[in-house]
Each structure stands twice: as C-alpha cells, then as structure tokens.
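These are the residues of each chain, in order.
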Amino acid sequence: MRRRTLLAVLGVSPLLSLAACAEDNPGVQAKTPVIDAAILDAEISAIAERAQPGVLEVAIQNLEGGEMWAWNGSRRFPMQSVFKAPLGAAALAEVDAGRLRLDEQVTLEEKDISPPLSAIGAAWPGRTTYSVGDLLVAAVGESDNTAADVLMKRIGGPGAVTAWLRGKGVNELRVDRYERELQMEASGMDSFRIAWKDWPAFKAARDALPEARRRAALQRYLADPRDTTTATGMLTFLAKLSKGELLGPRSTTRLLRIMTESATGANRLKAGLPPGATLAHKTGTSATDLGLTAATNDVGVLTLKNGRRYSVAVFLGASPQDQAAREGAIADVMRAIAKAVG
C-alpha cells in the first residue's frame, strides 16, 4: 500500500493526502476537514524534543477517509498492557464463533496468578472463581495481568492471538509472551513466585538483584521485537475494530464500551480531550527501574462532539522522566491533535 510505503520511507511526520488514500480505496472521499499537518509538525516536534532522551511515537488516522499523519510511525515500541485490547478482541472473536461463553466460569489455581499489577492476583486465594466476562473487563478495562494471562491461555495462548490478528490483516502487531513471562524477563528476575503477587513484595525481590543484571535485562527488553507494535500498525487494529471488521456488532460494542469506561490513564490522552469528546482506549505502562521507564503508552478511538472519529496511538519509550512529565507529554499530544482536527 502506498500509505505504508510512504510512512516507512519518510519516517517522520508524513501526512497522507486524501487523494493518496483514494488510490487504495477508490470512491472513498472524506467529508471531514483535512488534518492540519502544520500544527502537528510543529507541536509534536516540540513535545518530542521535550520528552528526550525518551523516544516519542505518534500516529493519527481519520476513520472516515483514511488520511493519516505519523511521527516515528514505523518504529517498533513495546506495548506493555496495550496488548490487552487486541487480546480482548481475539477473545470476543471466540465468543462470536461459539467456542467461548462470557458466562463460562474459570477457577484460578496458584499457577494461574501473574505478576502485579493484578487485583485478581492480590485477592487470591480469597476469591478464586471468575466468569470469562469478568476476566475480559478486568484485563481490558482494569489492565489486570492475571486476567489477561488466564484469558489468553483459554483461547490458545499468545501465538493464537497473533495468528488471529494476521488473519484479520493486522500485520505489525505481535503478541509473544504471557505477562507472567514478559514482566519477569524485563526485570531480570527468575520465574514468578506467588509470594511476589503484591507490588511491594515484587519490587523488593526485583530491587534485591544486582543493578547490572537489571540494567542488562531492561536493555534486552527495549531491543526485543517480541510483544511490540508500530504506531501505524496499532492504527490498523483500532480502525478495523471501530469499523466492525474484526468482530460482530455486539462484541464490537462491548469491547469499545469497556475501553471507554476504563478508569486507567486519566492523565494521558483523556486529559487532553476537547469538550464533548470521548475516548475508547487502552494504556500500557512498564515499571520504572534504575531511573528508566521503558514504556508509557496510550492508544484509542477518539470521537469528537460532532461525531467525527479518529484512531490515535502514542508510545513513549525509554524515558528517564517522572510519571507526571511522561503523562503530561501524552496529554499534550491529544491537545495538539484536537487543534489539528478541530
């Protein structure tokens, strides 16, 4: 596709015209205003400079006509919990196919508990039984690691999620590991132990390791292509989800509702929303260790007050800044987008 080729060649802030998009989609003409590339070029550039030495990736797409703008759009970034939105879609595809029921009951054993953050893990063994519907809301809406791993195992594992995405034409997004594996490897820790199910205990065990070991693990994680996506690849997923190309109508509505009602990331994209706008989104955040946060992310479908819709993806990688600065940068990206599409 010309769109993908241009993004790959230009690398930084290419704006695709409606005419270019029409070459891929004959007869499709957007009635919405063209995205103001000059605003995004100036404001995202300034935000990216302010975020350094962290690396910022931003992409936005008009869901009516396909017009796209991206900054570092073809660079791979670790997703962290952003992957739980595609996981939720893959699980609901199994529901649509009749191979999974939302009211199916799942009983958790010790081997099912995953590293924090996980309210379900923290509550175990006080509560052990959840419905698939409970797990879906906890994974996508609350970013619960145990819920995500149990749900993913139930539908065939990470490989099944990635294979389903490929079958739907989402080619730049890959899911390779359970949270129980990924979080331990990224921290330089051994296999997860139930004694570490609460964050203070997990952090204490991590911090007891030699700094050199943790630093090497973090650098390996940042260089690892597994469990990553590009911003433009994430836009493909969000656009297909929003347009009903991944799931049936009921499941599409269900997943977007969970993403809209999610309380996570209040100081990220949500903080920059223009009046009357809504956001169906999924955040992702790595732990901060040795003064570095590998990933601070937020992606979603933006619906303006007038009904116009855009998919948005923001990834901030390898940042030494504190949480307020990282989240403030993402909120400022949304404020810039609001100006550019207003």
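A quick note: this is a predicted structure, and the numbers were derived from the prediction, not measured.

Basis of the calculations
- Residues numbered from 1 in each chain as written.
- Predicted model: local features only at pLDDT ≥ 70, side-chain atom pairs only at ≥ 80, totals over all residues.
- Heavy atoms only, no water.
- Helix = DSSP H or I, 4+ residues; strand = E, 2+ residues; numbered from the N terminus.
- Buried < 20%, exposed > 50% of the residue type's maximum accessible area, 1.4 Å probe, protein only.
- Contact = heavy atoms within 4.5 Å.
- Polar contact = N/O pair within 3.5 Å; in protein donor to acceptor, adjacent residues only side chain to side chain.
- Pairing = 2+ DSSP bridges.
- Salt bridge = Lys/Arg side-chain N within 4 Å of Asp/Glu carboxyl O.
- Phe/Tyr/Trp six-rings, centres within 6.5 Å; stacked < 30°, edge-to-face > 60°.
- pLDDT = per-residue confidence, 0-100.
- Expected span 1.5 Å × (residues − 1).
- Arc of directions from axis to C-beta.

What follows covers the environment of R177. In this fold, R177 is placed in the loop between α8 (158-167) and α9 (179-187). Residue classification places R177 among the buried positions, given a relative accessible area of 4%. Once the C-alpha coordinates of R177 and R226 are considered, the two residues, 49 residues apart in sequence, prove to be 7.8 Å apart. Apart from residues no more than four positions distant in its own chain, R177 is found in contact with M152, P158, L182, E185, Y221, D224, R226 and D227. One polar contact links R177 to E185, side chain to side chain, over a distance of 2.8 Å. At a separation of 2.7 Å, a polar atom in the side chain of R177 contacts the side chain of D227.

Another aspect to go through is the pairing of strand β2 (residues 55-62). Among the eight residues in β2, eight count as buried, and that is most of the element. Burial along β2 is two-sided: the face carrying V55, E57, A59 and Q61 and the face carrying L56, V58, I60 and N62 are both buried. In this structure, β2 lies alongside strand β11 (residues 309-319), joined through eight bridges in antiparallel fashion. Opposite V55, over in β11, you have G317 as the bridge partner. In this sheet, strand β3 (residues 68-71) lies alongside β2 in antiparallel orientation, the contact comprising four bridges. Looking across to β3, one finds that Q61 is bridged to M68.

It is worth spelling out the pattern of salt bridges at this point. Inspection of the entire model under this criterion finds 24 salt bridges. The partner of R101 in a salt bridge is D103, with the nearest N and O atoms 2.8 Å apart. Through salt bridges with shared partners, one network takes in R177, E185, D224, R226 and D227.

Enumeration over the complete set of coordinates arrives at two aromatic pairs. Relative to F202, the ring of W199 lies with its centre 5.8 Å away and its plane at 25 degrees, an arrangement referred to as stacked. One end of the pair is W199 and the other is F202, both in helix α10 (residues 199-207) and three residues apart, which spans about a single turn. When its relative accessible area of 3% is taken as the criterion, F202 is described as buried.

To continue, consider the side chain of R214. Looking at the secondary structure, you find R214 in helix α11 (residues 211-223). One polar contact links R214 to D289, side chain to side chain, over a distance of 2.6 Å.

Glancing now at the confidence of the model for the protein chain. When pLDDT is averaged along the protein chain, the result is 92; 91% of the residues meet or exceed 70. Confidence drops under pLDDT 50 across residues 1-29; counting only partners more than four residues distant or on other chains, this segment forms 55 contacts.

A few words now on the environment of G328. In this fold, G328 is placed in helix α14 (residues 323-341). Note on G328: relative accessible area 24%, which makes it partly exposed. Between the C-alpha atoms of G328 and T264, which are 64 residues apart in sequence, the distance is 15 Å. The residues contacting G328, other than those within four sequence positions of it, are R50, N267 and R335.

Our focus in this paragraph is helix α3 (residues 37-51). Its 15 residues place the ends of α3 20 Å apart at the C-alpha level, agreeing with the 21 Å of an ideal helix rising 1.5 Å per residue. Of the residues making up α3, those classed as buried are A37, L40, I44, I47, A48 and A51. Down the axis of α3, the sector holding all buried residues measures 105 degrees, keeping them to one side. Structural note: α3 exposes A38 and E49 on the side pointing more than 90 degrees away from its buried face.

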